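Chain residues, written in single-letter form:
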Amino acid sequence: MQRRRRGVDVGLILLFSQIFQVGLENIPPVTLGTLALNVFLFLKPLKPLLKVCISVDQGYYQKDWQRLLLAPVHHANDWHLYFNMVSLLWKGIKLERKLGSVLFGYIIAVFSVLIGIVYMVLEFALAGLLNDPSYKMNCAVGFSGVLFALKVLNNHHHPGGTSNIMGIRVSSRYACWLELVAIHLCSPGTSFAGHLAGILVGLMYTLGPLKMLMKATAGLHMVLVKWGEMQILHICVFRNTNHRPSPATPYVSSPTDFTVSIRWLFLL
């Protein structure tokens, strides 16, 4: 897998045109930040594509788990980036305004990693069912899996609409399935398993236990943050009441500084 280099990245120019037509001020922060991250890593990739793409062989057997983080935000070429980011632009604006930036950012982060895991499970299952080990070597990059998951989420929050897929009008509820097949037929080189993984993760969130698990995890995280703040505040108060500094070496304690520090510690 090698990125094709051109004199001018037309897809990148068209993407910037779309962004400025919408207006930076009209793009919510998480959507804008995700767009910026993907564009930056296209221009300045952390590693070659073969070092960031996710596959059963590289992710599971070679234990290169960082690929779960790197694969979604790297793209094969400018057109790959363009179509994914334009899709993110419109889906992100609608969903981030509906859900709020914090929850939307949390969803993007979890979906990005979980889709890579589900993708490996699907490829592993295909290799076993078809007795073809080459499926374990299929290496995928790009944000399209996350976009399929967001499409499911968007249809869940905005039900009742219709979509036009290759001239066929279909309920938005089922549009992602038709789009999955249509993309695979029109572009055989795309990752069918990666797109399917996105749909499955989206359904796990809207119909399954994923939403509850994410809420429970976020709740536990906040409990730990509050507990840490209370412990640090207790230490600061204890030091203030028991430590008697000499005039030559004055002691100044700032519980607020400690509280801010422990909050960042738990947020990292």
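Above this text sits the structure in question.
Residues numbered from 1 in each chain as written. Predicted model: local features only at pLDDT ≥ 70, side-chain atom pairs only at ≥ 80, totals over all residues. Heavy atoms only, no water.

Looking only at helices and strands, the protein chain features 12 helices and two strands. Across the protein chain, helices and strands are ordered from the amino to the carboxyl terminus as α-α-α-α-α-α-α-α-β-β-α-α-α-α. Here the protein chain holds 268 residues, and the buried ones make up 41% of them. The long-range share in the protein chain, meaning contacts at least 24 apart out of those at least 6 apart in sequence, stands at 74%. As displayed, the protein chain has an accessible area near 15,200 Å², and 67% of this comes from carbon and sulfur atoms. (Helix = DSSP H or I, 4+ residues; strand = E, 2+ residues; numbered from the N terminus. Buried < 20%, exposed > 50% of the residue type's maximum accessible area, 1.4 Å probe, protein only. Contact = heavy atoms within 4.5 Å. Areas by Shrake-Rupley, 256 points an atom, 1.4 Å probe, with all protein chains shown as cover.)

Within the structure shown, the criterion is met by one disulfide. Each disulfide pairs two cysteine sulfurs, and for Cys-53 the partner residue is Cys-139, the sulfurs being separated by 2.0 Å. Residues Cys-53 and Cys-139 are joined by a disulfide whose S-S torsion is about 85°; by sign, that bridge is right-handed. Taken together, the residues Cys-53 in the loop between α3 (49–52) and α4 (56–61) and Cys-139 in the loop between α7 (101–129) and α8 (144–157) connect sequence positions 86 residues apart. (Disulfide = S-S within 2.5 Å.)

The next subject is helix α9 (residues 172–186). Here α9 contains 15 residues, and its C-alpha end-to-end distance of 20 Å stays within 8% of the 21 Å for a straight helix at 1.5 Å per residue. If you check which residues of α9 are buried, you get Ser-172, Ala-175, Cys-176, Leu-180 and Ala-182. Turning to α9, the residues buried within the fold contact α8, β1 (162–165), β2 (168–171) and α10 (192–206). (Expected span 1.5 Å × (residues − 1).)

Turning our eyes to something else, we now look at the pattern of salt bridges. As a working rule, side chains carrying opposite charge can pair if their charged atoms are close by. Taken as a whole, this structure holds two salt bridges when the rule is applied. Between Asp-64 and Arg-67 there is a salt bridge whose closest N-O contact spans 2.8 Å. Note that Lys-151 is salt-bridged to Glu-179, the shortest N-O span being 3.3 Å. One end of the pair, Lys-151, is in helix α8; the other, Glu-179, is in helix α9, with 28 residues separating them in the sequence. (Salt bridge = Lys/Arg side-chain N within 4 Å of Asp/Glu carboxyl O.)

A few words on the packing of α7 against α10. Between α7 and α10, the least distance of the axes is 8 Å, while the angle of their chain directions is 125°. Judged by the angle between their axes, α7 and α10 are oblique. Between α7 and α10 the crossing geometry is right-handed. Along its contact with α7, which presents Leu-103, Ile-107, Phe-111, Leu-114, Ile-115, Val-118, Tyr-119, Leu-122 and Glu-123, the element α10 presents Ala-193, Gly-194, Leu-196, Ala-197, Gly-198, Leu-200, Val-201, Met-204 and Tyr-205. Here the residues of the contact of α7 with α10 sort into 15 nonpolar, two polar and one charged. (Axes fitted to C-alpha atoms, helices over the stretch in contact; angles between N-to-C directions. Parallel < 35°, antiparallel > 145°, perpendicular 65-115°, else oblique. Left-handed = near helix turned anticlockwise from the far one by under 90°. Nonpolar A, V, L, I, M, F, W, Y, C, P; charged D, E, K, R; others polar.)

Relative orientation and spacing of two packed helices are given, respectively, by the angle between their axes and the distance between those axes. With their axes 10 Å apart at the nearest point, α9 and α10 run at an angle of 170° to one another. Between α9 and α10, the angle falls in the class roughly antiparallel. Residues Cys-176, Trp-177, Leu-180, Ile-183 and His-184 of α9 form the contact with α10, whose participating residues are Phe-192, His-195, Leu-196, Ile-199 and Leu-203. Considering only residue class, the contact of α9 with α10 consists of eight nonpolar, two polar and no charged.

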